[in-house]
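Next come the chains, spelled out residue by residue.
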Amino acid sequence: MTHVQDEADGFDTTGEAPGAEDLANLGVEGRAEYERLRARLGLKDEHDEADGLESVGRYRLEKELGRGGMGVVYRAQDPELGRAVAIKLVRGVPFATGTLSARLLREARVLAKLTHPHVVSVYDVGSHEGEVYLAMEYVDGVTLTDWQAGRTTAELLDAYGKAALGLAAAHEVGIVHRDFKPDNVLVANDARVLVSDFGLAGATVSLEESPLEQPSARATGERPGVDAKTGAWLGTLAYMAPEQLRGAAATPKSDQFAWCVALWEALTGERPFVGANREQLLSAIERGVLPASERIPKKLRRLLQRGLAADPAARHADLLDLFEAIPRPKSVSLRRVWMLVSASLGLGLLASWLVLGELRTEIAECELELAVADVRDGDAWAELRERLDGAGLGQELRLIEGQLQRIDDKALALCQPPFNIKGDAERQHLRLWVEDLRGLSETANERPLSELVEDIGRMVRARLSAPPPRVLAADVVDALEQSKELQRTGNLEGALEAATRAVALADDELLELSVAEQRRGRVLLLGGSPHEAMAAYGRATAAADASAYDDARLELELLAGAVAIMRLEDLGRGRDALARAAGLLDRLDEPRWSPRRADYLERRAELRAREGNYPAALTDQWLVVLSRSLLGSRPELGSGYANLGVIYERRSRAGDAALAMLCYEHAIEVLEPLEPSTGWIQATYSLGHLLANTGEPEDQDRARPLLERARASSTDLRSSATRELLLIALYQESAEVGVLTTALRDELQLHPPPSASHGLDDWGIIATAAASAGDFPMYEQALTEVSRFAEIMHSTGAQPPAELLMRRVGIELTLASVLAELDPARAQIQARAAKDRLLSLPADQRPVDMMQALDELLP
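Residues numbered from 1 in each chain as written. Predicted model: local features only at pLDDT ≥ 70, side-chain atom pairs only at ≥ 80, totals over all residues. Heavy atoms only, no water.

## Points about the pattern of salt bridges
Consideration 1: Within the structure shown, the criterion is met by 45 salt bridges.
Consideration 2: Notably, a salt bridge pairs E557 with R580, separated by 2.8 Å at the nearest N-O pair. With E557 in helix α21 (residues 550-567) and R580 in helix α22 (residues 571-587), this residue pair connects regions lying 23 residues apart in the sequence.
Consideration 3: Judged by relative accessible area, which is 2%, E557 ranks as buried.
Consideration 4: Of the charged contacts, one joins D823 and R826 as a salt bridge, the two residues approaching to 2.6 Å between their closest N and O atoms.
Consideration 5: A relative accessible area of 15% places D823 in the buried class.
Consideration 6: It is possible to trace a salt-bridge network through shared partners that takes in D551, E555, E590 and R596. (Salt bridge = Lys/Arg side-chain N within 4 Å of Asp/Glu carboxyl O. Helix = DSSP H or I, 4+ residues; strand = E, 2+ residues; numbered from the N terminus. Buried < 20%, exposed > 50% of the residue type's maximum accessible area, 1.4 Å probe, protein only.)

## Some remarks on the sheet that holds strand β9 (residues 185-188)
Consideration 1: With respect to topology, three strands assemble into an open sheet ordered β7-β9-β10, the strand pairing being antiparallel. Strands at the two margins of the open sheet, each flanked by one partner only, are β7 (141-143) and β10 (193-195). Ignoring which end each strand starts from, the neighbouring axes of this sheet average 25 degrees apart.
Consideration 2: With three bridges connecting them, β9 and β10 associate as antiparallel partners. The partner of V187 across the bridge, within β10, is V193.
Consideration 3: Lying over the sheet, helix α4 (residues 153-172) contacts β9 and β10, oriented at roughly 40 degrees with respect to β10. (Pairing = 2+ DSSP bridges. Axes fitted to C-alpha atoms, helices over the stretch in contact; angles between N-to-C directions. Contact = heavy atoms within 4.5 Å.)

## A short note on unusual backbone geometry
Consideration 1: Positive phi, normally seen in glycine, also occurs at A191, with a value near 80 degrees.
Consideration 2: Among the secondary structure elements, A191 is positioned in the loop between β9 and β10.
Consideration 3: A191 sits in the partly exposed class, given a relative accessible area of 48%.
Consideration 4: Here the phi dihedral of A548 falls at roughly 60 degrees; this positive angle occurs in a residue that is not glycine.
Consideration 5: With respect to the element layout, A548 can be found in the loop between α20 (530-546) and α21.
Consideration 6: Using a relative accessible area of 61% as the deciding quantity, one classes A548 as exposed.

## Section: the environment of H429
Consideration 1: Position of H429 relative to the elements: it lies in helix α15 (residues 424-442).
Consideration 2: Accessibility expressed as a relative area gives 13% for H429, which makes it buried.
Consideration 3: For the pair H429 and P468, spaced 39 residues apart in the sequence, the C-alpha separation amounts to 7.5 Å.

## With respect to the confidence of the model for the chain
Consideration 1: Taken as a whole, the chain shows an average pLDDT of 76; of its residues, 79% reach a score of 70 or greater.
Consideration 2: The weakest mean pLDDT in the chain belongs to helix α5 (residues 217-220) at 32; the strongest belongs to helix α7 (residues 252-268) at 94.
Consideration 3: The low-confidence segment residues 200-235 (pLDDT under 50) makes 88 contacts with residues lying over four places distant or belonging to another chain. (pLDDT = per-residue confidence, 0-100.)

## Regarding the environment of R83
Consideration 1: Its location among the elements puts R83 in strand β4 (residues 83-89).
Consideration 2: C-alpha separation for the pair R83 and E137, spaced 54 residues apart in sequence, amounts to 9.4 Å.
Consideration 3: Apart from residues lying up to four places away in sequence, R83 is in contact with A76, Q77, D78 and Y123.

## Describing the side chain of R808
Consideration 1: Relative to the elements of secondary structure, R808 occurs in helix α33 (residues 801-822).
Consideration 2: Look at R808 and you get buried, because its relative accessible area is 12%.
Consideration 3: Not counting chain neighbours up to four residues away, the residues in contact with R808 comprise L760, V786, S787, A790 and R837.

## Overview of α22
Consideration 1: Relative to the 24 Å expected for 17 residues at 1.5 Å per residue, α22 spans 24 Å between its end C-alpha atoms, a close match to the ideal helical length.
Consideration 2: Among the residues making up α22, those that are buried are L571, G574, A577, L578, A581, L584 and L585. The buried residues of α22 all sit within an arc of 140 degrees when viewed along its axis, so they share a single face. Within α22, the exposed residues directed more than 90 degrees away from the buried face are A579, D586 and R587.
Consideration 3: Buried residues in α22 make contact with α21, α23 (595-610) and α32 (776-796).
Consideration 4: One or two residues past the end of α22 sits D589, with phi positive at roughly 55 degrees. (Expected span 1.5 Å × (residues − 1). Arc of directions from axis to C-beta.)

## Digging into helix α35 (residues 848-857)
Consideration 1: Every buried residue of α35 is accounted for by M850, M851 and L854. Projection of α35 onto a plane perpendicular to its axis shows the buried side chains occupying an angular sector of 100 degrees, all on one side. Those residues of α35 that are exposed and angled more than 90 degrees off the buried face are V848, D849 and E856.

## Quick notes on the packing of aromatic side chains
Aromatic ring pairs are reported here in terms of the distance separating the ring centres and the angle at which the planes meet.
Consideration 1: One pass over the structure, following the stated rule, counts five aromatic pairs.
Consideration 2: Here the aromatic rings of F257 and F273 are separated by 6.3 Å at their centres, their planes lie at 10 degrees, and the arrangement is stacked. Separated by 16 residues along the polypeptide, F257 in helix α7 and F273 in the loop between α7 and α8 (278-287) bring together distant segments of the chain.
Consideration 3: When the ring of W259 is compared with that of F323, the centres are 6.1 Å apart and the planes differ by 90 degrees; the resulting orientation is edge-to-face. Taken together, the positions of W259 in helix α7 and F323 in helix α10 (residues 319-325) put the pair 64 residues apart, joining distant regions of the chain.
Consideration 4: On the basis of relative accessibility, which here comes to 0%, the residue W259 falls in the buried class.
Consideration 5: What makes F323 buried here is its relative accessible area of 14%.
Consideration 6: Among the aromatic residues, those joined into a ring-pair cluster are Y160, W259 and F323.
Consideration 7: Across from the ring centre of Y138, 4.7 Å away, lies the NZ or CZ of R75, which sits over that ring.
Consideration 8: Note that R788 overlies the ring of F789, its terminal NZ or CZ placed 4.5 Å from the centroid. (Phe/Tyr/Trp six-rings, centres within 6.5 Å; stacked < 30°, edge-to-face > 60°. Lys NZ or Arg CZ within 6 Å of the ring centre and 35° of its normal.)

## A short note on the packing of α32 against α33
Consideration 1: Packing of α32 against α33 brings their axes to within 11 Å, and their N-to-C directions diverge by 170 degrees. Here α32 lies roughly antiparallel to α33, going by the angle between them. The segment α32 lies against α33, with F776, Y779, L783, V786, S787, A790, M793 and H794 engaging L804, R807, R808, I811, L815 and L819.
Consideration 2: Considered class by class, the residues forming the contact of α32 with α33 number 10 nonpolar, two polar and two charged. (Parallel < 35°, antiparallel > 145°, perpendicular 65-115°, else oblique. Nonpolar A, V, L, I, M, F, W, Y, C, P; charged D, E, K, R; others polar.)

## Some words on a nonpolar patch on the surface
Consideration 1: Together, W593, L626 and L630 give the surface a local cluster of nonpolar side chains, amounting to about 260 Å² of exposed area.
Consideration 2: Within the secondary structure, L630 sits in helix α24 (residues 614-631). (Patch = residues over 30% accessible without salt bridge, like charges linked within 9 Å, V, L, I, M, F, W, Y side chains within 5 Å. Areas by Shrake-Rupley, 256 points an atom, 1.4 Å probe, with all protein chains shown as cover.)

## Some remarks on the packing of α22 against α23
Consideration 1: In the contact formed by α22 and α23, the axes pass within 10 Å of each other and the chain directions differ by 150 degrees. Taken together, α22 and α23 sit at an angle that is classed as roughly antiparallel. The crossing of α22 and α23 is left-handed. Contacts between α22 and α23 pair L571, R575, L578, A581, A582, L585 and D586 from the former with R596, R597, Y600, R603, R604, L607 and R610 from the latter.
Consideration 2: Residues that form the contact of α22 with α23 fall into these classes: seven nonpolar, no polar and seven charged. (Left-handed = near helix turned anticlockwise from the far one by under 90°.)

This is the structure in structure tokens:
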């Protein structure tokens, strides 16, 4: 694969020009860059001029204006209309191909769609002696590259702003430029700024009228950012967005990236990212380290930094949003001061008060942006950055910095007039986010790194574009903020009390009630009360629905789905919650690769796995892993791999155990910097569980320290880890069996199992251990609990009936085998119960080995 070379990169440093083979290897745009470089150095040969060509179509050629890999441009006269035009022609020169002609026709169609004061106009398109030509507006002036030298910041912002308007107009009709750079912007002698050279543009809408439309990339296997015939990367390397460098399709956000590169270069004299080739440039962009420059004000630097994000989703919504957020001199200053003086002296105190009131409003609104700056520039935020960076968590640092940047952008936009009450809810929403970020930074050094990163993930996952429909009552908001702060410091009892107070203060105000009940449900879940949390989520959902707050409804349905499926094992309720969430995702037009879509897919994967639909579950979970790889959150990516391993382990086909082990090991590796985060503990336990059940002594020895670590770190997993350790002790006939059996029973009585499935397994192992030790009181207690949890699972549909039946048979067959010599009567009871269950299945579904084992135990 060849790619575009940047400026003179790749040429012989001795000064020799590249030969024909070297030129061919440069690709279409590489050759164009080479031709432009020759022109700048004064190396154009005499035969490079118009070659004696006098006319094209009806147009009389006057002189050549420039040439490159995309064609030759001439100044010409239109005799019919009596005006100067620019003619672009694909000449019959070496390396010109049918692909170039097709690309020129596409340029004509693209530009013909646009009528905008900041886009070069297209007049005509045709062919001359088999060669395609384009007649367009002749602009008497220079390129932006030549114009911008020595200009002030204000002049540059004005020129680039006009170019942004031209690009935005193209985006509005579904056109992506794909090769924006200052060489492709013209500054006319009358000061007009026009975007030109859409020869690489690709429409994001279908061009049904085009007879030259190429087959889709999906059908041909082509990469959307790569020329199919030459293998050349389309665009100019130095300004190219990272997604284009990877060969992906360009989007309006790719043009935004190029615009930011060009403006940065214009302001500072250097490009933000440098690389000798595509790979080095892409690596520099992904590192995201921008050079220091005092020539770019802080606010402008932050805005450009976001536009230069490696992840398109982290960039501004569009170019207009970016440009409108750039701070520029306001009309408030001298003119408004003069108005104030005039009003005070000549029009009386009333006019003076009105003007002062307007000025105070603007100043008050800007306090929101100042609050963001106060967080960002504070010592606590610097310490947070240092801690994350020092722990090798650069990606998490970029995520939270990006969140702060998005809040800053919105705060800055809210500082601009006109001011109205429609923005009040958004201002309140942003103030709460600012306080959350302040609390995050100020408590960062007091909290475990794993907990801190999990909080960052939750903050980044939230959407800032959908505040509540109106301002929330101040007393409710205060109680909610107190609850969050108390939770951050580990005081769950106080956090629950504050959330309950918020619910009481909300009274019958449905919007406040939805937010308060959601917070209360969150604290209840953290405190180990999933049933009460589910009830709170139900009340919150009803209130959010009644107050038309769809974003809150979506969050609540996803939370309810997770609790129903994974904690309560109520698959019916979980299925209903996910169905409602799917509808809300579509209604809110949620992006395909978003955190909330990933959350939805992960819950659906768990549901499908529990229903026994493993192929669909694996498809969903692989999409989760892909999405989280793109989104970049380490905790969520690690958990995604761990959950993928769980599905493989459950499926129990040949090779699945090995795949599950690989997933668990990779999850632990991803999450290692966050030890002992919840995800790391879960992955560690899952690997220990898998190794403990292989039956191999060396695997069990490897499992023991993993399980001990999980047991010591997590209340939720303590009983499960103890159960696995007990299994190992039983298999190895260790003296620890009695101690571990009592420990597991005591843990289950102190902390009920997190789900009925866990309860069934835990009490089944206790029954087995008690039977082997001849402790029949504990054995009978365990059997009662096994039956109780099996009934819960059956009533909630937590597992397909046939799978649940086989779990019961497995427990009863194990007990019968253990009791065969110790207590034959009890062994007969368990064997008969197991055989009756198997006989309830169709004959072709009864495992032959189990039936034979039971027949041997029964008379």
